[in-house]
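# Inside the fold
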Amino acid sequence: MSANFSSVPILDYSLLSNPATRSEFVRQLQHALINVGFLYLSNPPVAREDIDAVIDYCPRVFDIPQDAKLKVRMANSPHFFGYSLLGAELTKGKTDQREQYDFGTPFENTWQPGEPEYLKLWGPAQWPDEELVPGFKSTFLRYLSQVEKLSFEFTRLIEEAFELPPHTLDKFFPPDGRVQHRAKVVKYPAPADASSNQGVGPHFDGGFLTFLLQASPHRGLQVQNLAGDWIDAPPIPGTFVVNIGKALETVTQGLAKATSHRVLSPEVGSTPRYSVPFFQNISQTIKIGESILSFNPEILKLKDARGEGGATDSVNYAEYGQYSSGQVALLGRVRSHPDVAQRHYPDLFKQFFPDGFPSQGFAY
Ligand SMILES: O=C(O)CCC(=O)C(=O)O
Ligand SMILES: [Fe+2]
């Protein structure tokens, strides 16, 4: 019989500050990683005023004039950072109803001709005009540096939950600390009519860990359980939603579960929903397929007790077996944003789109 879930568990980060309750947190984390693949984290170590400020900026970065948004459009950026128009992406053949900015933690690109092309992927983000959204860039970077720190603390906690020696996961990050994480600010408007409510279609995240801030009170995020049912993950103020990406699932032999999720658009006539996902990246040079971790057999048995199921066929992450993680990330970006690829990665563009520009982009 397989374990299953009917809600997303809430873990209280403050349990970690007391030795008497710390092991309870780790026990709950083990359960959430293996059986759900999603959790809410309450009382996270990110300044409340920075979270509130980011929430407050969400509508404002989309309310600036359209030409100011297009000035920082993603097609300008070999790093796939910047603004994407509503309806620019598809998931599994259907248009996603969302508008978004892709940003990143600070990174200076040092790619030289002759080096692998995927090393071009990390670099500076594009920021909307400071005069139109004063303070946004500095606030958002302050927020990202705190979430980045939390994401590394979480890798330590995962080692503990899976009884791995401390620092086992360090090998997935560059020894010089030069890693760039991505984050988006996303707006899901209400559709004009009820014919499509796909905010974003069912998908898995690709990297290690995702930390999602639901930045408005709208429901819409849903998580798929082992029976294939869609379970609501409504916003809970003061929490992050944390979930596992395909790279972490792969290296943990599936112990940490990457769970399919989707977002339904707000009801017709509603105000827009906003969210801010942070995607923890790993070293670009590591080959995931050659970096599978070993576990104590007792821990692995917990995966068998969970069972399988509920998977949505979305992206083919089989590429992790073949290429370095940076190459997998680049191929994913090329498929999602052919306009950027055509301009900055013309050879890959020709390989993926031999018949020329597709009528729409593809997400995931
Ligand atoms: O907007 C959300 O709540 C989730 C977005 C998401 O799953 C993604 O961008 O990968
Ligand atoms: Fe996602």
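Residues numbered from 1 in each chain as written. Chains lettered and ligands numbered in written order. Predicted model: local features only at pLDDT ≥ 70, side-chain atom pairs only at ≥ 80, totals over all residues.

With that out of the way, let us pick up the overall build of the protein. The helix and strand tally for the protein stands at nine helices and 14 strands. Along the first, second and third principal axes, the C-alpha atoms of the protein reach 55 × 50 × 40 Å. The contacts in the protein between residues at least 6 apart in sequence include a share of 80% that link residues at least 24 apart. (Helix = DSSP H or I, 4+ residues; strand = E, 2+ residues; numbered from the N terminus. Contact = placed C-beta atoms within 7 Å.)

With twelve residues, helix H7 (residues 325-336) ought to run about 16 Å at 1.5 Å a step, and its terminal C-alpha atoms sit 17 Å apart, in line with that. When you tally the buried positions in H7, you get nine out of twelve residues, the bulk of the element. Those residues of H7 that are buried lie in contact with helix H5 (246-251), helix H8 (338-344) and helix H9 (346-352). (Expected span 1.5 Å × (residues − 1). Buried ≥ 20, exposed ≤ 12 C-beta atoms within 10 Å, placed from the backbone.)

Around ligand 1, the structure places Val186, Val200, Asp205, Leu212, Gln214, Leu221, His261, Val263, Ser275 and Pro277. Counting residues per element, the ones that place at least two in the shell around ligand 1 are strand E9 (209-214), strand E13 (261-264) and strand E14 (273-279). By residue class, the composition of the shell around ligand 1 is six nonpolar, three polar and one charged. (Near = placed C-beta within 6 Å. Nonpolar A, V, L, I, M, F, W, Y, C, P; charged D, E, K, R; others polar.)

The next point concerns the pairing of strand E12 (residues 239-244). Summarising burial for E12: six of the six residues are buried, a large majority. Side chains of E12 alternate between two faces, with Thr239, Val241 and Asn243 and Phe240, Val242 and Ile244 buried alike. Pairing analysis gives five bridges linking strand E2 (residues 38-42) to E12, with the strands arranged antiparallel. Looking at the pairing, Ser42 lines up with Thr239 of E12. The pairing of E9 with E12 spans four bridges and is antiparallel. By the bridge assignment for E12, Thr210 is matched with Asn243. (Pairing = 2+ DSSP bridges.)

All right, on to the packing of helix H1 (residues 19-35) against helix H4 (residues 136-161) then. Contact pair H1 / H4: the axes reach a minimum separation of 9 Å and the direction vectors enclose 90°. In terms of axis orientation, H1 runs roughly perpendicular to H4. Facing H1, whose interface residues are Val26, Leu29, Gln30 and Leu33, H4 presents Leu157, Ile158, Glu160 and Ala161. A class-by-class count of the residues in the contact of H1 with H4 yields six nonpolar, one polar and one charged. (Axes fitted to C-alpha atoms, helices over the stretch in contact; angles between N-to-C directions. Parallel < 35°, antiparallel > 145°, perpendicular 65-115°, else oblique.)

Bringing helix H6 (residues 297-306) into the picture now. One turn of an α-helix holds 3.6 residues; hence residues three or four places apart share an orientation. With one of ten residues buried, H6 lies mostly on the surface of the structure. A positive backbone phi angle near 85° is found at Gly307, which sits one or two residues after H6.

On average, residues of the protein score 93 in pLDDT, and 94% of them are at 70 or above. Model confidence for the complex: the whole-complex pTM is 0.96, and ipTM, which rates the interface, is 0.99. (pLDDT = per-residue confidence, 0-100.)

Across the sheet, eight strands lie side by side as E1-E2-E12-E9-E14-E7-E6-E3; this open sheet has mixed pairing. Edge positions in the sheet fall to strand E1 (10-12) and strand E3 (82-84), since each has one partner strand and no second. Neighbour-to-neighbour, the strand axes of the sheet open up by a mean angle of 25°, direction not taken into account. The pairing of E9 with E14 spans five bridges and is antiparallel. Among the inter-strand pairings, Leu212 is bridged to a residue of E14, identified as Pro277. Most of the contacts of H1 go to E1, to which it runs at about 155°, and overall it touches E1, E2 and E12. In this fold H4 packs onto strand E6 (99-104), strand E7 (182-188), E9 and E14, with an angle of close to 135° to the strand it touches most, E9.

Now for the sheet that holds strand E8 (residues 198-203). In spatial order, the strands read E8-E13-E10-E11; together these four strands make up an open sheet with antiparallel pairing. A strand with exactly one partner marks an edge of an open sheet, and here the two such strands are E8 and strand E11 (230-232). Taking each pair of neighbouring strands and ignoring which way they run, the sheet shows an average axis angle of 30°. Where E8 meets E13, three bridges bridge the pair, whose relative direction is antiparallel. The residue of E13 that forms the bridge with Val200 is Val263.

So, about the nonpolar core. The nonpolar side chains of a soluble globular protein tend to be buried with one another. Formed by 83 residues in total, the largest nonpolar core has its most connected members in Val8, Leu33, Leu39, Val54 and Phe211. No other element matches the nine residues that H4 contributes to this core. Discounting chain neighbours no more than four positions away, the residues touching Val8 are Val36, Phe38, Leu39, Tyr40, Val223, Ile231 and Ala233. (Core = buried A, V, L, I, M, F, W, Y, C linked by C-beta atoms within 7 Å.)

For the rest of this paragraph, the subject is unusual backbone geometry. Note: most peptide bonds trans; most residues except glycine with negative phi. Backbone geometry places Phe80, a non-glycine residue, at a positive phi of 55°. Among the structural elements, Phe80 can be located in the loop between helix H3 (66-71) and E3. In this model, His167 sits at a positive phi of 75°, which is unusual for a non-glycine residue. Here His167 lies in the loop between H4 and E7.

Following the sequence through the fold, Gln180 ends up in the loop between H4 and E7. Residue classification places Gln180 among the buried positions, given that 21 C-beta atoms sit within 10 Å. Not counting chain neighbours up to four residues away, the residues in contact with Gln180 comprise Gly104, Thr105, Phe107, Trp122 and Asn281.

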